[in-house]
Amino acid sequence: MFPLQDFLKRQQAADLYRTRRVCEGQQGPRQRCDGKEMLSFCSNDYLGLAANPEIAESMRKATERYGVGSGAAHLVNGHSHAHHALEEELADFVGRERALLFSTGYMANLGTVSALVERGDFVIADKLVHASLIDAAKLSGARLQRYLHNEPDALQHRLVNTTSGKRLVVTDGVFSMDGDIAPLPELVSLTRDDQTALLVDDAHGFGVLGKQGRGSADQFGCHDDIDILMGTLGKAFGTFGAFVAGSNDLIETLIQKSRSYIYTTALPAAVVEATRTSLRLVKQADDRREKLQQLIKHFRSSAKQLGLELSGSQTPIQPLVLGTAEQALNVSQQLEQAGILVTAIRPPTVPEGSARLRITFSATHTEQDVDQLLLALEQCL
Ligand SMILES: *Cc1c(COP(=O)(O)O)cnc(C)c1O
C-alpha cells in the first residue's frame, strides 16, 4: 500500500483536514449531531421537505408496490412507470420538451458535459462553478477555460478567442458557495449560435426561485432559452437524484451517449415516487418560499446592524467570508460549542483566502432561530 500518512499530516497542519459528524433523527433545523442537540444552518433542505410526512408516506407506499432496488440501469429494465412519469412531470414543470433522470447531480453534470463535447472542443466555465462541472470538463477531454465570476464581458472575450470546435458554456444558476445568481439573460445572448451552448446547473435555484419554484432562469423570464438545464432533487426538493431538461434531441443524445446515465443503476422507484409528491408540494409552496425570503431579510438587516460583512446574496445561501481556513474553522468550532452548526468551507471548495461560514436557511427555521445565530455570531466575531 502507498504511504498516506504524509498527506494526512499536511492536511491537518493546514487546517484542511475534513471530518464528519454523526447526526441522528430527521433532517431539520434541530438535530442531534455527535450526541449533542444542535441548531443547524448548513443544510440545503431550503423548503424543509426532506422530512415531510406526505413525501415520506408516498415513499413508503411505493416501496410496497415496487420493492426497494430498481435492479438495473434505465436501458436494461430499471426504468419504471414512476421514472417515466416523473420525467414527463419535470419536463412539463420547467417547460421543456423532455427531461432525463440521473442518480445524482454530480453524475448528471459528468454525463451531460462528456456526451456533448470532446477533444478539440471547449468548456468555458464561470470561475466559481461547482466542482462537478470542472470534473465533467476534465472527463470530456475538451479544453477547460474559466471566465471571471458573473462577468459576461469576460465570457465574451473567451468566446471571441475560441474559433474552432464546439463551445459549451457552463454556469451555476445560484452559486453554491456564494448564493449569488448568474446573469442568465446576458449569458443566453452570448451563446445563440450553433457552435455554442449554455448549460445552467440550478441545484440551488430549483424549487426556491421563480414562479412555483421553477428556478433561477424563470425569475429572469429566460427559461426557454437555456439550452441545457440541470436541476437536483436532493436540495429544495428534499429527496434524491437529479435531472437534465431540454430539447428532445438533447435527451435522445444523452440516452445514447451519457456514460453516467447508461452504466449505472436507476434510482429506486420509491425515491422517484417521493419526488413526484415533492414536485406537487413544491409547486404549492409559495408560503414556504415567502417565509424563506422573510428569514433572509431578517438575517441580512440584523447582521448589518451588528456590522457583519455580508455578501450581496439574496438567496438562502448567505456566506460570511472570513479569510483563512484557520479563521473559518475557529469560528465554526466556537459556534458549535454554542450549539450552532454552520460548516466552515475551506479551499479547495472555495478559492484560497476566502474560507467562510456558509450559512443556509430553511423555511422551517424561525426568526428566533435566526436571532440565536446572530447572537452567537456576535459573541464569536
Ligand atoms: C449539490 C450540487 C451538485 C451535485 O448534486 P448531487 O445531487 O448532490 O450530486 C451539482 N451542482 C451544484 C451547483 C450543487 O450544489
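Look above for the structure.
(A) Expanded view of the environment of I55. Within the fold, I55 resides in helix α2 (residues 53–66). In this structure, the C-alpha to C-alpha distance between I55 and I262, residues 207 residues apart in sequence, is 28 Å. With near-sequence residues (within four places) excluded, I55 lies in contact with L49, F237, T239, A274, T277, S278 and L281.

(B) Structural view of the side chain of R356. Inspection of the secondary structure puts R356 in strand β14 (residues 355–360). Owing to a relative accessible area of 3%, R356 belongs among the buried residues under this scheme. A polar atom in the side chain of R356 sits 3.1 Å from the side chain of D178. If we ignore the near neighbours within four places in the chain, the residues touching R356 are M177, D178, P319, L320, V321, L322, A328, T343, A344, I345 and V350.

(C) Focus on the pattern of salt bridges. Scanning the entire structure with this criterion turns up 13 salt bridges. Residue R356 pairs with D178 through a salt bridge whose shortest N-O separation is 3.1 Å. With a gap of 178 residues between them, R356 in strand β14 and D178 in the loop between β7 (167–172) and α8 (184–190) connect regions that are remote in the sequence. Here D286 makes a salt bridge to R289, at a shortest N to O gap of 3.0 Å. Residue D286 and its partner R289 are both found in helix α13 (residues 286–305); the two are separated by three residues, about one turn of the helix. Among the residues examined, D286 registers a relative accessible area of 47% and is labelled partly exposed. Look at R289 and you get buried, because its relative accessible area is 7%.

(D) Quick look at the site of the ligand. For the ligand, the set of nearby residues contains 14 residues, the closest of which are G105, Y106, D201, H204 and K235. Contacts to the ligand include G105, whose backbone N or O atom sits 2.7 Å from an oxygen atom. Within the contact set of the ligand, an oxygen atom lies 2.5 Å away from a side-chain nitrogen or oxygen of H204. Mapped by element, the contributors of at least two residues to the shell around the ligand are α5 (105–116) and β9 (228–232). It is α5 that provides the largest number of residues to the shell around the ligand, a total of three residues. The residue makeup of the shell around the ligand, split by class, is three nonpolar, eight polar and three charged.

(E) Region of interest: the sheet that holds strand β13 (residues 344–345). Strand order across the open sheet formed by three strands is β11-β14-β13, with antiparallel pairing between neighbours. Of all strands in the sheet, those bounded by a partner on one side alone are β11 (317–323) and β13.

(F) Summary view of the state of the cysteines. Going through the model one piece at a time under the given rule, you end up with one disulfide. The side chain of C23 participates in a disulfide bridge whose partner is C33; the two sulfur atoms lie 2.5 Å from each other. The sign of the 105° torsion about the S-S bond sets the C23-C33 disulfide as right-handed. Of this pair, C23 sits in strand β1 (residues 23–24) while C33 sits in strand β2 (residues 30–33), placing them 10 residues apart in sequence. C42 provides the cysteine sulfur closest to C380, a residue in no disulfide bond, and the two sulfurs are 15 Å apart. Classification of C380 by relative accessible area gives buried; the value is 15%.

(G) Just the pairing of β9, in detail. With five of its five residues buried, β9 lies for the most part within the structure. Side chains of β9 alternate between two faces, with I228, M230 and T232 and L229 and G231 buried alike. Where strand β8 (residues 196–201) lies against β9, three bridges are found, and the strand directions are parallel. Within β9, the residue paired with D201 across the bridge is M230. Taken together, the four bridges between β9 and strand β10 (residues 242–246) define a ladder with antiparallel strand orientation. Bridging from a neighbouring strand, T232 pairs with A242 of β10.

The rules behind the values
Residues numbered from 1 in each chain as written. Predicted model: local features only at pLDDT ≥ 70, side-chain atom pairs only at ≥ 80, totals over all residues. Heavy atoms only, no water. Helix = DSSP H or I, 4+ residues; strand = E, 2+ residues; numbered from the N terminus. Contact = heavy atoms within 4.5 Å. Buried < 20%, exposed > 50% of the residue type's maximum accessible area, 1.4 Å probe, protein only. Polar contact = N/O pair within 3.5 Å; in protein donor to acceptor, adjacent residues only side chain to side chain. Salt bridge = Lys/Arg side-chain N within 4 Å of Asp/Glu carboxyl O. Near = heavy atom within 4 Å. Nonpolar A, V, L, I, M, F, W, Y, C, P; charged D, E, K, R; others polar. Pairing = 2+ DSSP bridges. Disulfide = S-S within 2.5 Å.

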